[in-house]
Amino acid sequence: MKSIASAASLSAAASVPAGAALAGAAAGLAALRRFRAKPLHPRGVVVEARLVRTGVPPGARASGVPWLDEPGEDRTLVRASRAVGLPRSWPDVHGIALRVPVEGRGYGDLLLASTGWGALGRFFLTVSRCPTARPMTTLLPYRTARGPVLVGAQHVDGGARIQLSWTRALGPWRPFAEIDLVGAASDGDAAVRFDPVLRTVPGLETYEWVRRLREPAYATARFVARFVAR
C-alpha cells in the first residue's frame, strides 16, 4: 500500500510541471493562430451518431462502470480532428471526441487520440496522414471502483463505424460498444467545445494527477474561447 501511495504522490508531483508545459504549448499555438481558433484540434468535423452498448457477455469480466458494462443506446456527438491542425498531406495526431448523455447532468465528454494498441503503445501518441489508420485511446487512465481503466477506439468498415473497447492498464481490450456515424456533418464545429476535466461520464473519474496535468491546458483553451467570443 505504501508503494502505491508513493507512486500516486510522485505522479501528482510530476503532473504539475508537465501540466504547466502543456498550458504553455497551448498558449503558444493560440498566439500563433492570433487567438482565432482553438489552440489544439483547431478544426474538426462534428457528426451526430448512434452509440450502441452491447453489455457484458456471459462469463466475461465486468469493469464495474455501468456505462461500460450495461447494454443501451445513446445519441451522441462525434468530433474528428487533427491535434496540431497541420495540412492534410502532413502526418498529425488524430483525435475523436465523444459527447454522451448523462442522466441528471446533461452529458459527459471523452477524448481519444491516435496511439498504439499494445500493452505499452496504448500510452504513446502516434501520427499518420489518414484519420482512420491508427487506433485511439484516452491515453491517460480513468479511476474506477475496481482500478484504472482506459477506453480505446478503432475504426471499422472503412471508417463508417467505430468500435469502442476498455482495458485494465496493460490487460486485453474488451469491446463494449459500436458507433454508427449515421448523421450528416455539422457546420457548428466552432461552437462545440469538449472538456473531459469538467464533464465526465459517471464511474469514470479523473485521477488528481491527471486533472493537474490536463487542467492548465484546458483553462488556457477556455480563456481563448472567451477572448474570441468578445
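Read on for an overview of the structure. (Residues numbered from 1 in each chain as written. Predicted model: local features only at pLDDT ≥ 70, side-chain atom pairs only at ≥ 80, totals over all residues. Heavy atoms only, no water.)

1. Re the pattern of salt bridges
In the structure shown here, the tally under the stated rule is eleven salt bridges. Here Asp92 ties to Arg82 by a salt bridge, and the two come within 3.8 Å at their closest N and O atoms. With Asp92 in the loop between strand E2 (72-82) and strand E3 (94-101) and Arg82 in strand E2, this residue pair connects regions lying ten residues apart in the sequence. Judged by relative accessible area, which is 2%, Asp92 ranks as buried. (Salt bridge = Lys/Arg side-chain N within 4 Å of Asp/Glu carboxyl O. Helix = DSSP H or I, 4+ residues; strand = E, 2+ residues; numbered from the N terminus. Buried < 20%, exposed > 50% of the residue type's maximum accessible area, 1.4 Å probe, protein only.)

2. What about unusual backbone geometry?
Positioned with a positive phi, Leu139 is a non-glycine residue whose angle comes to about 70°. The residue Leu139 is located in the loop between strand E5 (136-137) and strand E6 (142-144) in this model. A positive phi angle, close to 50°, is found at Ala169, a residue other than glycine. With respect to the helices, strands and loops of the structure, Ala169 is situated in the loop between strand E8 (161-167) and strand E9 (174-180).

3. Description of the environment of Thr137
In this structure, Thr137 sits in strand E5. Accessibility expressed as a relative area gives 0% for Thr137, which makes it buried. Residues Thr137 and Leu164, spaced 27 residues apart in sequence, show a C-alpha to C-alpha distance of 9.4 Å. Within polar-contact distance, the side chain of Thr137 engages the side chain of Thr115 at 3.4 Å. A polar side-chain atom of Thr137 sits 3.0 Å from the main-chain carbonyl oxygen of Arg122. (Polar contact = N/O pair within 3.5 Å; in protein donor to acceptor, adjacent residues only side chain to side chain.)

4. Considerations on the nonpolar core
Counting residues in hydrophobic clusters, the biggest one holds 24 residues, and the most contacted among them are Trp67, Leu164 and Leu204. Those elements giving two or more residues to this core turn out to be strand E1 (44-53), helix H2 (66-69), E3, strand E4 (107-114), strand E7 (147-156), E8 and E9. Those residues in contact with Leu164 that lie beyond four places of it in its chain are Leu51, Trp67, Leu98, Gly152, Ala153, Arg174, Pro175, Phe176, Ala177 and Ile179. (Core = buried A, V, L, I, M, F, W, Y, C linked by side-chain atoms within 4.5 Å. Contact = heavy atoms within 4.5 Å.)

5. With respect to the layout of surface pockets
Within this model, the second largest pocket holds a volume of roughly 460 Å³. Lining the second largest pocket are 22 residues; nearest its centre among them are Val45, Ala80, Ser81, Arg88 and Pro131. Those elements that place two or more of their residues in the lining of the second largest pocket are E1, E2 and E3. In terms of residue class, the lining of the second largest pocket is built from ten nonpolar, eight polar and four charged. (1 Å grid on protein atoms, 1.4 Å probe; cavity = no way out; pocket = protein on both sides within 12 Å on 5 of 7 lines; lining within 4 Å. Points joined across faces, edges and corners; volume = space filled by probe spheres on them. Nonpolar A, V, L, I, M, F, W, Y, C, P; charged D, E, K, R; others polar.)

6. A few points about the environment of Ser63
Take Ser63: it is sitting in the loop between E1 and H2. Residue classification places Ser63 among the buried positions, given a relative accessible area of 0%. Taking the C-alpha atoms as reference points, Ser63 and Gly203, 140 residues apart in sequence, are found 9.7 Å from one another. Apart from the residues lying within four places of it in its own chain, the contact partners of Ser63 are Leu68, Asp69, Thr144, Arg146, Trp166 and Arg168. A polar contact of 3.0 Å, which involves the side chain of Ser63, links it to the backbone nitrogen of Val65.

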